[in-house]
Amino acid sequence: MISEEHLYSIALRECNLIGDINLSKLTKAFGSAKNAWEQAKKEYKKLDGFGHKIVSDIGNLSHLHFAEKELKFCERNGIQIRLKHLKELPYLLHECEDAPAILYQKGTYNENLQPLSIVGTRTITSYGKQFISDFFHEAQSYNFVSVSGLALGADKEVHEQSLLHKIPTIGVLAHGFHTLYPSKNKKLADRIINEGGALFTEFNSSRKPDRENFIQRNRIIAGLSPATIVVETAFGGGSVSTATFANGYNRDVFALPGKVTDQHSQGCNQLISQNKAAIISTIKDLIYTLGFNKPKEKMEELFPYSSTSIQLTDNQNLIYKFILKNPQINLDDLAQQITLPTHKILPIILELELLGKVKSLSGREFVAI
C-alpha cells in the first residue's frame, strides 16, 4: 500500500547529494522520511558527517511534486514501492549495506523460494546456451527463482528457460518502468509478470537506460541471491561486475570455464583463476553445491593468474588518488568532494576494483590497494 512515507522517501531521494546511504542515515536519525524532510535542514548538525551543503536541497517543493506524480504513475501501473528503512526489501538484498533505499516492483516475488542469479554476455554462444538449457532441465524439480538482467543474450536465455520449465524468474532493470530496454524483450517481460515472476528496478520513471545504470543495477542482481552463476563473459564484461558485487557480499560465485582462446570465456576463466569464482565442472555437482541437495566442498581453480599492466584513464586516476588519500571514504562523500554524481562515480570505482586498485568495504566505503 502506497503511503505518505513513500512520498517523502521519493522526494528525499531526488535531492542533490542524497544517495541511498545518506537517505538511510536520515530516516534512521529522524525516525521517518517525513520527519527528515521537515527537520533535517534545521537540525543537520545533529547528524555525523552532514554539512549544510548535503541538506541544502531538502525541502525543495519541486522534488515533492515529482514524488506525487511518481506515486500516481505507480498506482496506475500496478507498481509496488519497497522501502529499505521499513525493511520491505527482499531479505537477502536488505542485508547489503549499499542496497537501494527504494525498490520498485511489478509482479510477484515469492520470498519462500531460493533465489539464484545467472548472468552472462549479450553475445552468448551455443556453448553458453546449451549450458543454460541443460541446467534448467536438471534443476526444474527444485523450488527456486532465477534472477537476471533482462538483457539480450544470456539474460534472455535464463528468463526464457525459466518460463519453459515453469520456474518463476526475476528481471532487474537499469531504468524506470516508463520504458522497457531492450524493446525486443517487451513480450518476455510481460510473460515474466504473467507467469508468477517479477521485475525490479531502483530507478524511478524519469530514469532512462543510461550506460552507468547497468553496473549499478548489477549489485541488485548479486544482492538478491545467495549465489551467482556467470555463464560467459569477456574480460571486463558487465557480468564480472556482478560477480564482484557478489564477492563483496560474501555470496557464492560460480563460473562456466571455456577455452583460453575463446573471448567469450576469458572473463569466466579469469574469475576462476583469481579465486573469485568456483569452477563449474558438471551441472550435477553445481546443483549439489548450490544447496539444492547438500553442500559440496569448493572446487579448485583451473587457470593460473596472469597479470597485465593497464594505464588508468584521467577519471580513474582522479578517483583512485582521492581514495588513496582518504581511506574508507563513502560514495556520497566522494561525490561531494570531486563534484561528480554517484551514478557516474560507481562504474569507475568498479573498473578500479576489477583492475585491483580499489577495494569496496561495507556501507559503500572504499580503500586503495
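Since the model is a prediction, treat every value here as computed from it, not as a measurement.

1. Some remarks on the pairing of strand β2 (residues 102-107)
- In this structure, strand β1 (residues 80-83) lies alongside β2, joined through 4 bridges in antiparallel fashion. Bridging from a neighbouring strand, L83 pairs with I102 of β2.
- Strand direction decides the pairing type here: β2 and strand β6 (residues 198-201), joined by 4 bridges, are antiparallel. Looking across to β6, one finds that Q105 is bridged to F200.

2. Looking at helix α1 (residues 4-14)
- Taken across its 11 residues, α1 has 8 buried, putting it largely inside the fold.
- Taken together, the buried positions of α1 are occupied by E5, H6, L7, Y8, S9, I10, A11 and L12.
- Looking at the packing, one finds that the buried side of α1 touches α2 (20-30), α3 (33-43), α5 (61-76), β1 and β2.

3. Re the sheet that holds β6
- Within the open sheet, the 9 strands sit side by side as β1-β2-β6-β5-β4-β3-β7-β8-β9. Their pairing is mixed. Strand pairing shows two members of the sheet lacking a second neighbour, β1 and β9 (278-279), which therefore form its edges.
- Bridge analysis of strand β7 (residues 227-230) against strand β8 (residues 252-255) gives 4 bridges, and the strand direction is parallel. Paired with V230 across the bridge in β8 is A255.
- Here helix α9 (residues 186-194) sits on the sheet in contact with β2, β5 (169-172) and β6, set at roughly 110° to β6.

4. Focus: unusual backbone geometry
- Residue Y181 is joined to P182 through a cis peptide bond whose omega torsion reads -5°.
- Residue position: P182 is located in the loop between β5 and α9.
- Even without being a glycine, L150 presents a positive backbone phi close to 55°.
- Residue placement: L150 occurs in the loop between β4 (144-148) and α8 (154-164).
- Here K166, not a glycine, exhibits a phi torsion of approximately 60°, which is positive.
- Here K166 shows up in the loop between α8 and β5.
- Looking at K166, the relative accessible area reads 73%, which means it is exposed.

5. Thoughts on the layout of surface pockets
- In this structure, the second largest pocket encloses a volume near 530 Å³.
- Around the second largest pocket sit 27 residues that line it, and R13, I18, R207, T342 and H343 are the ones nearest its centre.
- Elements supplying a minimum of two residues to the lining of the second largest pocket: α1, β2, α15 (331-338) and α16 (342-354).
- Taken together, the residues of the lining of the second largest pocket break down into 12 nonpolar, 9 polar and 6 charged.

6. Focus: empty space enclosed by the protein
- Per the counting criterion, the structure on display carries 1 cavity of 30 Å³ or more.
- Approximately 40 Å³ is the volume found for the largest cavity.
- Together, G149, L150, A151, V172, L173, A174, H175, Y181, P182, F214 and R217 line the largest cavity.
- Along the lines of polarity and charge, the residues of the lining of the largest cavity split into 8 nonpolar, 2 polar and 1 charged.

7. Points about the packing of aromatic side chains
- For the structure on display, the rule yields 8 aromatic pairs.
- With centroids separated by 6.3 Å and ring planes inclined at 25°, the aromatic side chains of F131 and F135 adopt a geometry described as stacked. Taken as a pair, F131 and F135 lie in helix α7 (residues 126-139) at a separation of 4 residues, close to a single helical turn.
- Classification of F135 by relative accessible area gives buried; the value is 1%.
- Cluster of aromatic residues (ring-pair linked, three or more members): F131, F135, F136 and F144.
- Directly above the ring of F214 sits R122, whose terminal nitrogen or CZ lies 5.5 Å from the centroid.

8. Side note on the pattern of salt bridges
- For the structure shown, the criterion picks out 8 salt bridges.
- Of the charged contacts, one joins R251 and E95 as a salt bridge, the two residues approaching to 3.8 Å between their closest N and O atoms. With a gap of 156 residues between them, R251 in the loop between α11 (238-248) and β8 and E95 in the loop between α6 (91-94) and β2 connect regions that are remote in the sequence.
- Because the salt bridges share partners, they merge into one network encompassing R13, D20, E202 and R219.

9. With respect to the packing of α15 against α16
- Direction vectors running N to C along α15 and α16 enclose 110°, while the axes themselves pass 10 Å from each other. Classified by the interaxial angle, the pair formed by α15 and α16 is roughly perpendicular. Residues L331, D332, L334, A335 and I338 of α15 form the contact with α16, whose own contacting residues are T342, I345, L346 and I349.
- Looking at the contact of α15 with α16 residue by residue, the class counts come to 7 nonpolar, 1 polar and 1 charged.

Rules and cut-offs
The residue numbering used here restarts from 1 in each chain and proceeds along that chain's sequence as written. The predicted origin of the model limits local features to residues at a pLDDT of at least 70 and limits the giving and counting of side-chain atom pairs to 80 or more, whereas totals for whole chains, interfaces and linings rest on all residues. Side-chain numbers come from the whole structure's heavy atoms, not from hydrogens or water. Strand pairing is assigned whenever DSSP detects at least two bridges linking the two strands. Note on conventions: DSSP H or I runs of at least 4 residues are helices, E runs of at least 2 residues are strands, and numbering of each starts at the N terminus. For every residue, the accessible area obtained with a 1.4 Å probe (protein chains only) is divided by the maximum for its type, and the residue is called buried under 20%, exposed over 50%, and partly exposed between those limits. Any two residues having at least one pair of non-hydrogen atoms within 4.5 Å are treated as being in contact. For helices, the fitted axis covers only the stretch in contact; all axes are lines through C-alpha atoms, and the angles between them, taken along N-to-C directions, range from 0 to 180 degrees. The method works on a 1 Å grid over the protein atoms by themselves. A cavity is a set of points holding a 1.4 Å probe that cannot get out, a pocket is an open set with protein on both sides within 12 Å along at least five of seven lines, and residues with an atom within 4 Å of a point line them. Grid points are joined across faces, edges and corners, and a volume is the space filled by probe spheres set on the points. Any residue outside Ala, Val, Leu, Ile, Met, Phe, Trp, Tyr, Cys, Pro, Asp, Glu, Lys and Arg is labelled polar, Gly included; the first ten of those are nonpolar and the last four are charged. For Phe, Tyr and Trp, where Trp contributes only its six-membered ring, two rings pair if their centres lie within 6.5 Å, and the inter-plane angle classes them as stacked under 30 degrees, edge-to-face over 60, or tilted in between. Look at NZ for Lys and CZ for Arg. If either is within 6 Å of the ring centre and within 35 degrees of the ring normal, a charge sits over the ring. A pair is scored as a salt bridge if a Lys or Arg side-chain nitrogen falls within 4 Å of a carboxyl oxygen belonging to Asp or Glu. In this scheme, roughly parallel covers angles under 35 degrees and roughly antiparallel covers those over 145, while 65 to 115 is roughly perpendicular and the rest are oblique.

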